[in-house]
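So you can see what is in the structure, the chains are spelled out below.
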Amino acid sequence: MTVAEIVKVLDAKVISGEDLLDRDVHSACGSDLMSDVLAFVKDQSVLVTGLTNAQAVRTAEMMDIVCIVLVRGKTADSGMIDLARDRSVVVLQTEYSMFTACGLLYESGLRGGGGRANAKKFKAAL
Amino acid sequence: MPKNLKLHYDISGEDYTRAGEASAQLKQVLRQLGLSSSIIRRVSIAMYEGEINMVIHANGGTIDVEIDSACVSLILKDTGPGISEIDLAMKEGYSTASESVRSMGFGAGMGLPNMRKHSDYMKIDSTPGVGTTVYMKIALGEE
């Protein structure tokens, strides 16, 4: 799925990265906890979150997350937008809630990067 | 294969929005060295969580990175309040972070467990009132 398709599915507004909408997204993750994102997310994901500050972009940068979707119409703070532009991370804004946004993406074929196999592996490692 | 490259980062504890900048810079260096994406990912996560910890708990510190043909070694040193119970701090979900830290998406008690998960070796030396030094190694051969 491309970022442009995500924009369509979530009826989203593009906040930054207008020129990067042809990027491919392979999986999705919904979380406000960046440490959870750092623990589980796979390559080329979309991050669905309510976190509107620069740390969401930093986390995206560390994890090669190509796109961040802000839910419930939340507004990115200026630090977030500046950093996202600088680091080429797409930021979208949707009016849908986290639950609904994730559901719509799932329905469109996207799956979680961590998955059950990973969750089992993580539990076993503890 | 890279040969004994040493890097030093000073981490400011004053500006939360800059937390992660050093980790981002190191990630660029590792990319330029041509390391595998899996190794780059593990080093980035381990250092980023450490860098965040330094900023939110210890008012900054220093990170020294050494890359040789066998591994990437990270030494994160701060002069913060120290960790009185390391075993407790290593537990998932245990956190002493403030509300402002939680509003950044951190402080959920996953930082140290994530660092352990993504490194091949990790040791914490900490003295309450003196500071904390975290040593981590990520082997280049491991995928």
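Basis of the calculations
- Residues numbered from 1 in each chain as written.
- Chains lettered and ligands numbered in written order.
- Predicted model: local features only at pLDDT ≥ 70, side-chain atom pairs only at ≥ 80, totals over all residues.
- Heavy atoms only, no water.
- Helix = DSSP H or I, 4+ residues; strand = E, 2+ residues; numbered from the N terminus.
- Contact = heavy atoms within 4.5 Å.
- Areas by Shrake-Rupley, 256 points an atom, 1.4 Å probe, with all protein chains shown as cover.
- Polar contact = N/O pair within 3.5 Å; in protein donor to acceptor, adjacent residues only side chain to side chain.
- Phe/Tyr/Trp six-rings, centres within 6.5 Å; stacked < 30°, edge-to-face > 60°.
- Lys NZ or Arg CZ within 6 Å of the ring centre and 35° of its normal.
- Pairing = 2+ DSSP bridges.
- Axes fitted to C-alpha atoms, helices over the stretch in contact; angles between N-to-C directions.
- Buried < 20%, exposed > 50% of the residue type's maximum accessible area, 1.4 Å probe, protein only.
- Core = buried A, V, L, I, M, F, W, Y, C linked by side-chain atoms within 4.5 Å.
- Right-handed = clockwise from strand over helix to strand, strands pointing away.

Engineer: I keep staring at the overall build of chain A and nothing clicks. Help me out?
Structural biologist: Within chain A, the secondary structure is distributed over six helices and five strands. Counting helices and strands in the order they occur from the N terminus, chain A gives α-β-β-α-β-α-β-α-β-α-α. For chain A, long-range pairs separated by at least 24 residues make up 52% of all intrachain contacts whose partners lie at least 6 apart in sequence. For chain A, the accessible area works out to roughly 5800 Å², and carbon and sulfur atoms hold 51% of it.

Engineer: Honestly, the side chain of Asp 78 of chain B in this entry has me stumped. Any pointers?
Structural biologist: Residue and element names in this part refer to chain B. Mapped onto the fold, Asp 78 is located in strand E3 (residues 71-78). A distance of 2.8 Å separates a polar atom in the side chain of Asp 78 from the backbone nitrogen of Gly 80. Those residues in contact with Asp 78 that sit more than four places away from it in its chain are Met 54, Ala 58, Gly 60, Gly 61, Val 130, Gly 131 and Thr 132.

Engineer: Explanation requested: the packing of aromatic side chains in the structure shown.
Structural biologist: The description of two aromatic rings rests on the distance between their centres and on the angle between their planes. Throughout the structure, instances matching the rule amount to one aromatic pair over all chains. With 5.7 Å between their ring centres and 85° between their planes, Tyr 48 of chain B and Phe 106 of chain B make a pair best called edge-to-face. You can see Tyr 48 of chain B sitting in helix H2 (residues 37-58) and its partner Phe 106 of chain B sitting in the loop between helix H4 (99-102) and helix H5 (111-118), a full 58 residues away along the chain. The lysine or arginine in question, Arg 111 of chain A, covers the ring of Tyr 106 of chain A, its NZ or CZ lying 3.6 Å from the ring centre.

Engineer: Where do I start with the sheet that holds strand E5 (residues 131-139) of chain B in this structure?
Structural biologist: In a beta sheet, neighbouring strands are held together by backbone hydrogen bonds and run either parallel or antiparallel to one another. Residues and elements named next belong to chain B. Sheet architecture is open: five strands sit in the order E1-E2-E3-E5-E4, paired in antiparallel fashion. Strands at the two margins of the open sheet, each flanked by one partner only, are strand E1 (5-12) and strand E4 (121-127). Sheet twist, expressed as the average angle between the axes of neighbouring strands with direction ignored, equals 10°. In the packing of helix H1 (residues 21-32) onto the sheet, the strands contacted are E1, strand E2 (60-67) and E3, and the crossing angle to E1 comes to about 160°. Across the sheet, H5 is in contact with E4 and E5; its angle to E4 comes to roughly 145°.

Engineer: Sorry if this is basic, but what is going on with the side chain of Ser 44 of chain B here?
Structural biologist: Its location among the elements puts Ser 44 of chain B in helix H2. On the basis of relative accessibility, which here comes to 2%, the residue Ser 44 of chain B falls in the buried class. Apart from residues lying up to four places away in sequence, Ser 44 of chain B is in contact with Met 62 of chain A together with Ser 23 and Lys 27 of chain B.

Engineer: Is there a simple way to think about the nonpolar core in this case?
Structural biologist: Side chains that are nonpolar tend, in soluble globular proteins, to be buried together. Residues Tyr 9, Leu 26, Val 65 and Leu 74 of chain B are the most contacted members of the largest nonpolar core, which totals 65 residues. At 11 residues, H2 of chain B tops the list of elements feeding residues into this core. When near neighbours in sequence (up to four residues on either side) are disregarded, Leu 26 of chain B contacts Leu 7, Tyr 9, Val 43, Met 47, Val 65 and Leu 74 of chain B. Residues Ile 6, Ala 28, Val 46 and Val 48 of chain A belong to the second largest nonpolar core, which totals 19 residues.

Engineer: When you look at the pairing of strand E3 (residues 45-49) of chain A in this model, what are you seeing that I'm missing?
Structural biologist: Successive residues of a regular strand alternate their side chains across the two faces of the sheet. Residue and element names in this part refer to chain A. Most of E3 sits inside the fold, with five of its five residues counted as buried. Alternating positions in E3 separate into two faces, Ser 45, Leu 47 and Thr 49 on one and Val 46 and Val 48 on the other, with burial throughout. Examined bridge by bridge, strand E2 (residues 27-30) and E3 share four bridges and lie parallel to one another. Within E3, the position partnered with Gly 30 by the bridge is Val 48. Traced from E2 through helix H2 (residues 34-40) to E3, the parallel crossover comes out right-handed. As paired elements, E3 and strand E4 (residues 67-70) share four bridges and run parallel to each other. Looking at E4, one finds that Val 46 is bridged to Cys 67. Following the chain from E3 across helix H3 (residues 54-63) to the adjacent parallel E4, one finds a crossover that is right-handed.

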